[in-house]
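Descriptive analysis of the structure
Here's the letter readout for the chains.
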Amino acid sequence: MSTLRIFYSASNLVFALLLTACASGGSSDEGEAGGGSGGAGGGGSNEGGHGCFSTETTCNGKCVHLEDNASHCGACNHSCGPGGQCVNGTCAYDCNGTLVENPADCLNLYGAFETFPPECAGCGTPNSQTGTCGCPSPASALPLLVQSDCPGVPMRSATTLQLCVTPTLAPDSDFGGAYQVDDLDGWCGSTAQCRVGNPMAGGACACPAGFDEVIGLRSILRLPCNGAEGGSVVVLCGNKEAPLRTFGGAFQVDDVEPTCRVGNPWTGGCSCPAGTNEHVYRVMVDGGAGLYGSSIRLCMP
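Remember, it's a predicted structure, so these values are computed and weren't measured experimentally.

Some thoughts on the overall build of the chain
- Helix and strand content of the chain: two helices and 18 strands.
- Put simply, the chain has 301 residues, and 40% of those count as buried.
- Considering only contacts in the chain between residues 6 or more positions apart, those separated by 24 or more positions represent 47%.

Structural notes on the packing of aromatic side chains
- The tally for this structure, following the rule as stated, stands at two aromatic pairs.
- Ring geometry for Phe175 versus Phe247: centroids 5.0 Å apart, planes at 65 degrees, classification edge-to-face. Placement of Phe175 in strand β11 (residues 175-182) and of Phe247 in the loop between β14 (229-238) and β15 (250-254) is noted, with a sequence separation of 72 residues between them. Residue Phe175 shares its accessibility class with Phe247, and that shared class is buried.
- Geometrically, the ring pair formed by Phe247 and Trp266 is edge-to-face, given 5.5 Å between the ring centres and 75 degrees between the ring planes. Remark: Trp266 occurs in the loop between β16 (260-262) and β17 (277-287) and Phe247 occurs in the loop between β14 and β15; sequence separation between them is 19 residues. Of the two residues, Phe247 and Trp266, both sit in the buried class.
- Connected via pairs of aromatic rings, a cluster forms that spans Phe175, Phe247 and Trp266.

Concerning the pattern of salt bridges
- All chains considered together, the criterion is met by eleven salt bridges.
- A salt bridge links Arg156 to Glu229; the shortest N-O distance between them is 2.9 Å. Of the two residues, Arg156 sits in strand β10 (residues 156-165) while Glu229 sits in strand β14, which places them 73 residues apart along the sequence.
- Judged by its relative accessible area of 37%, Arg156 falls in the partly exposed class.

Rules of the game
Residues numbered from 1 in each chain as written. Predicted model: local features only at pLDDT ≥ 70, side-chain atom pairs only at ≥ 80, totals over all residues. Heavy atoms only, no water. Helix = DSSP H or I, 4+ residues; strand = E, 2+ residues; numbered from the N terminus. Buried < 20%, exposed > 50% of the residue type's maximum accessible area, 1.4 Å probe, protein only. Contact = heavy atoms within 4.5 Å. Phe/Tyr/Trp six-rings, centres within 6.5 Å; stacked < 30°, edge-to-face > 60°. Salt bridge = Lys/Arg side-chain N within 4 Å of Asp/Glu carboxyl O.

Next up, the structure:
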């Protein structure tokens, strides 16, 4: 009987030891088989106590893939900025359908040009980026209807100021698009007073959120349905707190006194900030002297 008791106690001891071994996670070989390199977060195992796979790295106690984790892109705790995604261990940003490493490379304003009817100058003011009345890729033209004095010809002419834009906004864009509103509702070719919507605001006559510098520039336009003249305002949206890359504001100068009709919020006057140049586009405006010439001046590098 005593022999049976001894055997039974020994069996219980062996069983208890086996349970203890299982609870401790088994042999160290199992952790090493799935082990990955320890990251800046420290350690070679995650919070669950088991090792990472060979394709993973431990960051802050968690197993992650450095190739596609936006919070740990290429290295532990190296996070991509707003709108970024981790591609092969490098932060990338969607810029007009193209992935770029630097969000500063995301541009949405590629110059502007003004076209005149054939009886005038034709391509009145070419785009400084192309040397022609056209937009460089990937931009497309945003046409704003204006009216100008035909160069060298005593006539008022329906012209088009065309901004070369893309609809994409980078996290720190300085330009937020443009739109055009008429003086009155219901003129032909417009919806209510909204003649041209802003592609960066979903096609609405509005500025996108965060673009608080709203610059309204005056022009007479010629209605496309009957050729009648009417007043209109071209509105440009900007963010002067962002790094200046494509847009340094705008202003308007009339041919008659007082010449500075609309000042530039970037400078407080009719001038461009350092690092940009004046790009001049002719329009006609109304005022105390009747209808007379004026120029919209965009400040761009």
